[in-house]
Amino acid sequence: MAEAADFQGTSPSPARRWLRRTGAVLAGTPLLAGFLQLPAGSPAEAATPAAPRAASDDGSVAVSVDSLTPGAPSEGDTVTVSGTVTNKGKKAVTDASVGLRVGSLLDTRSSIDTAAKNSGDVDSPAGAEIDDKYTEKFSKLTPGVSQPYTISVPADELDLGQDGVYDLSVTLTGETSDEPWEQTLGVRHTFLPWQPDELDAKTKTTFMWPLVSTVHMTAETGSDEEQTPVFHDDDLAAEISPGGRLDRMVALGKDLDVTWVIDPDLLASVEAMTTRYEIPGENTDDQDVVGGHQEVAKRWLTEVQKAVADKEVVALPFGDPDLASLAHHGTSVTGSLRHLKEATDVAARTVESILHVVPSTDYAWPVEGAVDPSIIKVATSAGADKVIVRGDTFEGGRDLTYTPTAPRPIGGGTTAMVADARLSTVFDGDMTRASAATQAVQRFLAQSLTLALQTDRPRSVVVAPQRTPSAAQAQTMAEAIGALQDSTWSQPQDLTTAAKSKPDPAAGTDVPPASAYPKSLRKQELPRSAFEQIARTQDKLDRFKVILSDQSRVVTPFGRALNRGMAVSWRGRPAEAAIYRSGVETYLDTLSSQVRLIEKSETKLSGRSATIPVTVQNNLVQGVEHLVLRLTSTNPTRLQIDGDAYEEQPVAVSGGHSQSVKFTTNANANGRATVVAQLYTQDGRPYGQPVTFDVKVTEITATVMLVIGGGVLLLVLAGFRMYTQRKRAAARQAEEREQDDAADADAADKGAKNPAVSETRPTGESAPRTREDAPEQPSDPAPDTAPESADPSGTGERVDR
């Protein structure tokens, strides 16, 4: 009668739906009573039972629900369910039928969890089967063979009464040769949210959409002007390529009302790929290797810029450092919190420069939202005043029959943003199977609606899914968010607005103690040795950078690499993490060793003073300065450096050059003295390895000095004597030439007055001087001619004057 009262093409009212279901139950009561009055031992009745009999466990036929549309139907919609049935047994199933059953109302969140856990149990209550016309028949199901099915039912035929979540199951009934009677051989339970009318107090839902990856960049860069980056693998290219995980995250998220949560290291790494980058072991000159992904990187960044435009963006600290590991093992290592502060400071600049949006850096996100007091303290030490935690690891209020709103003040001006655990974890697991993805979507919608119906209080709910969803998980999340945004009980809200919501005074605000931190998460934490190695590398970097003319070429890549060394993504990969950190430290040691002292062999010193050169070599691309070279004598009583035990001189060397620094030494005694050369920074810290060499001193005696001095004096005297003798001989020659010239002039006058006088010289007149007539030298032989006559000349003779 109730069905006759409904007009064709109209939906039955809730009251009529309730009457119809009640009438069906009442009508079945006499029949049930008759069954109970039948004799128990009739063989015929035992062989042919009057009602289907359920098998145990999951049954011999696997039933999957690969699609359910719409996920949250309204009045007038048609619900379509499709999937497959697979005979897992050894016997063929005959007279098989696939039908839908609407079970009881699941009015608590825990009842939904229970139903999800037993979704394939044929013993679970399945409700009454919908009209037989909404079934699909199979004459035979062969073992091991899957058969598809599709069933479409108008929502009005589902007998849905009260608003809420219903257990919707797909069942397969049939017979086998061993059991030739109708029985339930397989079932799959799922959830059907029913809320056709808009709720007055909708739940405001914030869905965090994470863009986080693993570590890909190293600290190494090329020596060229552009500082070509070096990646330790090329896996990031696969993630951002079409169809890759991160490509799907961007493509799916751009159409959703979500809050983007981004690790700036990911953006910086992809931006580095837009130009030339290198991979160790690869031929980096091959454009197919290093240049093939430049356009892919540019396209991905462009898509991200479009997707986040006019959306809220939350920037995690650079590299997504592991806050729990830092709190439990790193705070006792000096300088660890400094890295967290640096990672937070650089985050906003990185995101803004690449995406051209101003991100929020007020949020900290520990692994899986698990916290204790030490994690809260570390999370807020870098400036964050909101910590994203998860409800299953955070204490709730007492005797609450509803889920409270997300923000909880926990003291010190800090707010805990408590993400809903059920909604946040529903997408964990393998979502590559359509049945698993569909179940996750329906379970998400069911939990969301049940939460909304708990109370009329306006509430803000935060969903914090896994940090690095797979492409399949991202697809499933997008489907669930899309369905939720179209629902009648929820509306989207960004994270900052949610944080400003009025806290529920009945909600718990006690931070869990350290003993409550999950042991499974604690086992994956970075050890103390990791932070000690990072601190050691930072100390080396501090000593190295002060000598550089351009510190940014080293400080920036190494600073970011140290941030990456604390990344959450190293959890569960201790060996890879150790290799990465050691690689950073080793490369820094390699660079530092490019500025060094050249080794020296033994130096011999003859005399009391000498100059010793020490060479500083700089094989870096850039120049070094602010260095001091100290030369120290280990035995200053024997050998002094510039009159003291040591001497220091400033050093500045251009890139790719060497410089010799000279030191004056003074020897006081014979023997061997050891000398140590060491570079220092201007703050007095040793730089590099010292160079030690011996100086052999040979003292010169007084006797040797006298002998040498006497010899030198004799040479000087002999030279002086020769000089004076030559000077006297030259004077005598000059005088004789003057006399000859005078005689010639007198003879010429006489010849002019008496032409008869002969021009030849008379006998007895001195002949013209030859070389033998030169001035007499001490060693010359006696002259072989008579001395010149001093008598007066005769008449007619020419006299040489």
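Keep in mind that what you see is a predicted model, and the values were worked out from it rather than measured.

K.L.:
Pulling in residues and values, what's your account of the overall build of the protein?
P.N.:
Looking only at helices and strands, one finds 21 helices and 29 strands in the protein. For the protein, the proportion of its 801 residues judged to be buried stands at 45%. Long-range contacts, defined here as pairs at least 24 residues apart, represent 78% of the contacts in the protein between residues at least 6 apart. If you sum the accessible surface of the protein, you get close to 39,600 Å²; carbon and sulfur atoms cover 52% of it.

K.L.:
I'd like a description of the packing of helix α18 (residues 528-545) against helix α19 (residues 552-564), backed by residues and values.
P.N.:
For the pair α18 and α19, the least separation of the axes is 11 Å and the interaxial angle reads 175°. When the interaxial angle is binned, α18 and α19 end up roughly antiparallel. Residue-level inspection shows I534, T537, Q538, L541, F544 and K545 of α18 in contact with α19, the latter providing V554, V555, F558, G559 and L562. Looking at the contact of α18 with α19, its residues break down into seven nonpolar, three polar and one charged.

K.L.:
Pulling in residues and values, what's your account of the sheet that holds strand β7 (residues 146-154)?
P.N.:
An order of β2-β3-β7 is seen for the three strands of this open sheet, with the pairing classed as antiparallel. On the outer flanks of this sheet lie β2 (61-69) and β7, each paired with one strand and no other. Neighbour-to-neighbour, the strand axes of the sheet open up by a mean angle of 20°, direction not taken into account. Inspection of the sheet shows strand β3 (residues 78-87) paired to β7 by nine bridges, in the antiparallel sense. By the bridge assignment, T84 is partnered in β7 with P148.

K.L.:
Provide a residue-level description of unusual backbone geometry, including the pertinent values.
P.N.:
Omega for the peptide link from T69 to P70 comes to -15°, which places this bond in the cis form. Tracing the chain through its elements places P70 in the loop between β2 and β3. Look at D159: it is not a glycine, yet its phi comes out positive at around 55°. Along the chain, the position of D159 falls in the loop between β7 and β8 (164-175). Take D159: its relative accessible area is 25%, and that puts it in the partly exposed class. Even without being glycine, D320 reaches a positive phi, approximately 50°. Overall, D320 belongs to the buried group, its relative accessible area being 4%.

Definitions and cut-offs
- Residues numbered from 1 in each chain as written.
- Predicted model: local features only at pLDDT ≥ 70, side-chain atom pairs only at ≥ 80, totals over all residues.
- Heavy atoms only, no water.
- Helix = DSSP H or I, 4+ residues; strand = E, 2+ residues; numbered from the N terminus.
- Buried < 20%, exposed > 50% of the residue type's maximum accessible area, 1.4 Å probe, protein only.
- Contact = heavy atoms within 4.5 Å.
- Areas by Shrake-Rupley, 256 points an atom, 1.4 Å probe, with all protein chains shown as cover.
- Axes fitted to C-alpha atoms, helices over the stretch in contact; angles between N-to-C directions.
- Parallel < 35°, antiparallel > 145°, perpendicular 65-115°, else oblique.
- Nonpolar A, V, L, I, M, F, W, Y, C, P; charged D, E, K, R; others polar.
- Pairing = 2+ DSSP bridges.

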